Amino acid sequence: FEAVKKCPKEMLNGRTAVYVNAGREPFYLAEALGIALSDGNRAVYMTLEDAENDAELNDYLANAEIIGFDIKRNIHIISRTGLKINFAEDAMILASLADSTLTGIDRIFDAYGLTTSSKYEDVFGTPARPKLPDAAEEARFCCESCMNIMKLYLEADAKVKEYGMENLYRSMELPLT
């Protein structure tokens, strides 16, 4: 995992997951601070300013089919930035379709065995006690979260296809975002 000023060219092809670093506030209050990108093998983190200034990255994000988690929230948050991200897949919706008991982020991540080396609160603090994150810890947390999105997408997508619910996902769930 690494923080970069410019996205490596090899990350700008194929399937890519994006994690929007925007805190836990409601979508109408949350502000994007940066993004992490993962192709499933590697992940990089960029501040919002660096991402907005990377023309090749912006072209890719606007035109590729990007995988996200809770893309409705992320679409609202990103709309207030200089980025345009074509979120085409939502790992959260896929996981919820694959198992309807998975109703929250923690349940989804627990069910799929997804973890980060630090808890969100250890990196960013709590609403009552926010803290300025260490840049390396922030990058690592965001990159690990992005790798988790890719892993969740691959596993939940396979289950949704196995259960014959891909049409439901594509024709009903995704259009509602």
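This text gives an overview of the structure that appears in the document. Counting of residues starts from 1 at the beginning of each chain's written sequence and follows it residue by residue. Local features in this predicted model are restricted to residues whose pLDDT is 70 or higher, and side-chain atom pairs enter the listing and the counts only when it is 80 or higher, whereas totals over whole chains, interfaces and linings include all residues. Heavy atoms throughout the structure, all of them, feed into the side-chain values; hydrogens and water do not.

**So, the packing of aromatic side chains**
Here comes step 1: Any two rings among Phe, Tyr and Trp, with Trp reduced to its six-membered ring, count as a pair given centres within 6.5 Å; such a pair is stacked if its planes are under 30 degrees apart, edge-to-face if over 60, and tilted if neither. Evaluated as defined, the whole model comprises six aromatic pairs.
Here comes step 2: With a centroid separation of 5.8 Å and an interplanar angle of 80 degrees, the aromatic rings of Phe 124 and Phe 141 are classed as edge-to-face. Taken together, the residues Phe 124 in helix H6 (residues 120–124) and Phe 141 in helix H7 (residues 135–162) connect sequence positions 17 residues apart.
Here comes step 3: The buried category is assigned to Phe 124, whose relative accessible area is 10%.
Here comes step 4: An aromatic cluster of three or more residues is present, and its members are Tyr 19, Tyr 120, Phe 124 and Phe 141.
Here comes step 5: Note that Arg 24 overlies the ring of Tyr 120, its terminal NZ or CZ placed 4.0 Å from the centroid. Numbering goes from the N terminus for both helices and strands, where a helix is a DSSP run of H or I of at least four residues and a strand is a run of E of at least two. The cut-offs for exposure are 20% and 50% of the maximum accessible area for each residue type, with area from a 1.4 Å probe on protein chains only; residues under the lower value are buried, those over the upper are exposed, and the others partly exposed. Criterion for a charge above a ring: Lys NZ or Arg CZ within 6 Å of the ring centre, and within 35 degrees of the ring normal.

**Notes on a nonpolar patch on the surface**
Here comes step 1: The grouping of Phe 27, Tyr 28 and Leu 29 at the surface amounts to a nonpolar patch, some 330 Å² of accessible area in total.
Here comes step 2: Its location among the elements puts Phe 27 in the loop between strand S2 (16–21) and strand S3 (34–38).
Here comes step 3: For Phe 27, a relative accessible area of 35% puts it in the partly exposed group. Here, patches come from residues exposed beyond 30% relative accessible area and free of salt bridges, joined within 9 Å for like charges and within 5 Å for nonpolar side chains (Val, Leu, Ile, Met, Phe, Trp, Tyr). Each accessible area is a Shrake-Rupley result for a 1.4 Å probe, and residues are judged covered by the shown protein chains and nothing else. Salt bridges are defined by distance alone: a side-chain nitrogen of Lys or Arg within 4 Å of a carboxyl oxygen of Asp or Glu.

**Some points on the packing of helix H4 (residues 91–98) against H7**
Here comes step 1: At a minimum axis separation of 8 Å, H4 and H7 run at an interaxial angle of 40 degrees. As summarised for this structure, H4 and H7 are arranged oblique, according to the angle between their axes. Crossing handedness for the pair H4 and H7: left-handed. The residues of H7 that touch H4, namely those facing Ala 91, Leu 94, Ala 95, Leu 97 and Ala 98, are Ile 149, Leu 152, Tyr 153, Ala 156, Asp 157, Lys 159 and Val 160.
Here comes step 2: Taken together, the residues that form the contact of H4 with H7 break down as 10 nonpolar, no polar and two charged. The axes are straight lines fitted to the C-alpha atoms, using for helices just the contacting stretch, and the angles between their N-to-C directions are given from 0 to 180°. In this scheme, roughly parallel covers angles under 35 degrees and roughly antiparallel covers those over 145, while 65 to 115 is roughly perpendicular and the rest are oblique. Crossing chirality is assigned from the near helix's rotation relative to the far helix, an anticlockwise turn below a right angle marking it left-handed and a clockwise turn marking it right-handed. Any two residues having at least one pair of non-hydrogen atoms within 4.5 Å are treated as being in contact. Side-chain classes are defined by residue name, with Ala, Val, Leu, Ile, Met, Phe, Trp, Tyr, Cys and Pro counting as nonpolar, Asp, Glu, Lys and Arg as charged, and the others, Gly among them, as polar.

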